[in-house]
Every structure is written in structure tokens, then in C-alpha cells.
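# Fold and geometry: a report
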Amino acid sequence: MNVYAINTGDVKKMDMDQLTRLMPRRMEKAARYRFENDRLLSIGAGYLLMTHLGIKDETLIKENEYGKPYADGYPDFSLSHSGDITVFSMSDEADGSIVGVDIEIIKDFDMRVSKKVYTPREIDWMNIDPKKRFFELWTKKESVMKALGMGFHLPASSFEVITQDDAQSITVEGRRLYLRTKEYDGYYISLCSSKKMEEIQIIT
């Protein structure tokens, strides 16, 4: 399954006037961010969404009650950003299938956080290789919460993302979901989908 990625350096080289014509509301929103990196991440998110979803009118993009963006009549999609990279993924078609993507830069973290968001079994699994496995678990958790469209309204500790079969599937909120994770250039990227998938393909 494809995950499209763009870094802030490439966004900075783009024609801002052209982007403003493509997505005026997104550009106006991005301009309100204090830091340039945040502005560029926001612009990159809008560009990936408009380009790969094929939307010509950004007013078609709405949000559900938990803040997940969607567009009626289009495939489900998901966005995430961390560090200097924004990622986007979408379902193959508008058939009710769902998708969630999350990216996190690998960095130092507070181990105490794990006790608030991971189950005891997940913590035991994480402790084998804490730095990498912390972010694998974290991105998987967020990808599930995004796929279900609930964000942190679905408590991270209320479900497990340690898979027990070769298909890497779990069941959350009554839905069978499939998970894949990839380490990419100092980041972890996790993808959650209601459709079985083999690998994550990063496209830049």
C-alpha cells in the first residue's frame, strides 16, 4: 500500500502562488503558524491531499466530529507529519474501507509515557529494544486511532497493536484492521487499513 511523503525542503521550492490558487484555505491556515517549518508541513499536507486524492475544490474537505478530514464520494485518507516530513495515504476506492497513517521521528523520549499509553504486554515487548519499539508501538496506535476516525478520543491503552498472526491483523471497536510499519530515514511510519496489505511503499 502506498504512503506518499514530502519533506519541507521540497515544499519550500514550490511555487507558492500556484499553491495558493490550488488551495487558498490551506495556504491561509498555514500562514498563521509562527514557525516556518510548521507552515511548510501544513502546506505539504494540503499539496499531497489535493494531488493524490484528486480534489479540485478544497471546500469539499470536511471534518468528522473528532476532527478527521474526509471528502464525500472520495476514498478514505489520512495525513501525518513529524520532523521535516509529511505523509499521506488513501484507500484504493470509496467503498467504506478505512485507512490511517502516522509518522514519528526517532528521538529521545520519556519512558514514563509508555505506562500511560501501552498495555503491560506491550511494555514487556517494547523493553526488548525500547527506543525503536516505543515508536513502532506509538505509530501503530496512532494509525489505528486515525483509521477509526476517533483520534485520542479512543484511549491508546484500550487496545493492543501487537499482532498475533502473519496478516498482522487486530480487532478494535469491532473492526478487523491490518497493520504495517516501516523504518524510513530516521522515522517510523505505520499504516492501518481495513484491507489486508503486504508492505508499505514509500513514494516521494
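These notes cover the structure that comes with them. Everything numeric in this text was worked out from a predicted model, so none of it was measured. (Residues numbered from 1 in each chain as written. Predicted model: local features only at pLDDT ≥ 70, side-chain atom pairs only at ≥ 80, totals over all residues. Heavy atoms only, no water.)

Counting across every chain of the model gives eight aromatic pairs. For the pair Tyr4 and Phe88, a centre-to-centre distance of 6.4 Å together with 40 degrees between the ring planes defines the contact as tilted. Residue Tyr4 is found in strand 1 (residues 2-7), and its partner Phe88 is found in strand 5 (residues 85-90); the two are separated by 84 residues along the sequence. For Tyr4, a relative accessible area of 16% corresponds to the buried category. Judged by its relative accessible area of 0%, Phe88 is buried. Taking the centre distance of 6.5 Å and the plane angle of 50 degrees together, the rings of Trp138 and Phe152 count as tilted. With Trp138 in helix 7 (residues 130-147) and Phe152 in the loop between helix 7 and strand 7 (169-172), this residue pair connects regions lying 14 residues apart in the sequence. Grouping aromatic residues by their ring pairs yields a cluster made of Phe109, Tyr118, Phe134, Phe135, Trp138 and Phe152. One Lys or Arg, Arg133, reaches over the ring of Trp125 and ends 4.0 Å from the middle of that ring. (Phe/Tyr/Trp six-rings, centres within 6.5 Å; stacked < 30°, edge-to-face > 60°. Helix = DSSP H or I, 4+ residues; strand = E, 2+ residues; numbered from the N terminus. Buried < 20%, exposed > 50% of the residue type's maximum accessible area, 1.4 Å probe, protein only. Lys NZ or Arg CZ within 6 Å of the ring centre and 35° of its normal.)

Here we come to unusual backbone geometry. Of note, the phi angle at Glu173 is positive, near 55 degrees, even though the residue is not glycine. Considering the arrangement of structural elements, one finds Glu173 in the loop between strand 7 and strand 8 (175-184). For Glu173, a relative accessible area of 54% puts it in the exposed group. In this structure, Asp185 takes a positive phi of about 50 degrees despite not being glycine. When you line up the elements, Asp185 lands in the loop between strand 8 and strand 9 (187-193). According to the relative accessible area criterion, Asp185 is exposed, its value standing at 65%.

So, to be careful, I would describe these as geometric facts and stop short of saying anything about function.
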